[in-house]
Amino acid sequence: LEIYQRRERLRFTTAGRSGNEEYDIPDDLLRILGWVLTDGSLSKQQASIYQSDGPKLQKILTLLGSLNWPYGLYHRQRPPPVIAGRQVRVARPENHIFLHAGARAQVQALIGDRHHLPAWTSCLSDRQAKVFLESLVDGDGSRAKNSNTPMLYCRMPLASELQAFFVTHGIACSLTEYRP
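Residues numbered from 1 in each chain as written. Predicted model: local features only at pLDDT ≥ 70, side-chain atom pairs only at ≥ 80, totals over all residues. Heavy atoms only, no water.

Give me the lowdown on the pattern of salt bridges, citing residues and values where you can.
Applying the stated criterion across every chain yields a total of five salt bridges. The closest approach of N and O atoms between R127 and E22, which form a salt bridge, is 2.7 Å. Linking R127 in helix α5 (residues 126-140) with E22 in the loop between α1 (2-6) and α2 (27-39), this pair joins segments that are 105 residues apart in sequence. On the accessibility criterion, R127 (38% relative accessible area) is partly exposed. Among the charged side chains, a network of salt bridges with common partners joins E22, D27 and R127. (Salt bridge = Lys/Arg side-chain N within 4 Å of Asp/Glu carboxyl O. Helix = DSSP H or I, 4+ residues; strand = E, 2+ residues; numbered from the N terminus. Buried < 20%, exposed > 50% of the residue type's maximum accessible area, 1.4 Å probe, protein only.)

Right, here's the structure in full:
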């Protein structure tokens, strides 16, 4: 009340820097893990990433090659789906990239539960956090037209954990619930 009466400005920190040193994890591994968290599936039997044809598919395959991870690729064309009661005109070809045993075990050990942010992410540097963000957006996000602001689509509790993660790395973010 006293500050209000003196008409002073209030300042709130919305995002800060972590001050963390570089964590011992390669950027390409961070990128693949971000993709699995947002656009993949993970179980005891498999670790997979789903991606339509295009440059993002090539990006994933290049990352897997740089990590020397063996994988399988299954390409399929589904009939156009019905979304919100409307028939979609064209269905894009879909690719199922499944990781072979050694890579699958490494991803499972690093991610654990795909619905939560892994604990080791709190050790990432601010630069690594930005690399991780880019992979999350590539996996299941977008950028608004005429803006550099990324939008990321995911469910709770991962969404709230990501929000806390980003603000501690100098990346301002907010949560908005999607209601079709």
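Picking up after the structure, the text goes on.
How would you explain the packing of aromatic side chains if you had to name every residue and give the values?
Counting across every chain of the model gives four aromatic pairs. On the basis of an interplanar angle of 85 degrees and a centroid distance of 6.0 Å, the ring pair of F132 and F165 is categorised as edge-to-face. In this pair, F132 is assigned in helix α5 and F165 in helix α6 (residues 158-167), connecting sequence segments 33 residues apart. Of the residues examined, F132 reaches a relative accessible area of 0% and is grouped as buried. We classify F165 as buried; its relative accessible area is 6%. (Phe/Tyr/Trp six-rings, centres within 6.5 Å; stacked < 30°, edge-to-face > 60°.)

An account of the pairing of strand β6 (residues 94-99) is needed here, citing residue identities and associated values.
Note that strand β2 (residues 47-52) and β6 share five bridges and pair antiparallel. Its bridge partner being in β6, Q51 is matched across the sheet by N95. In this structure, strand β3 (residues 71-76) lies alongside β6, joined through six bridges in antiparallel fashion. Across the sheet, residue G72 finds its bridge partner in β6, namely F98. (Pairing = 2+ DSSP bridges.)

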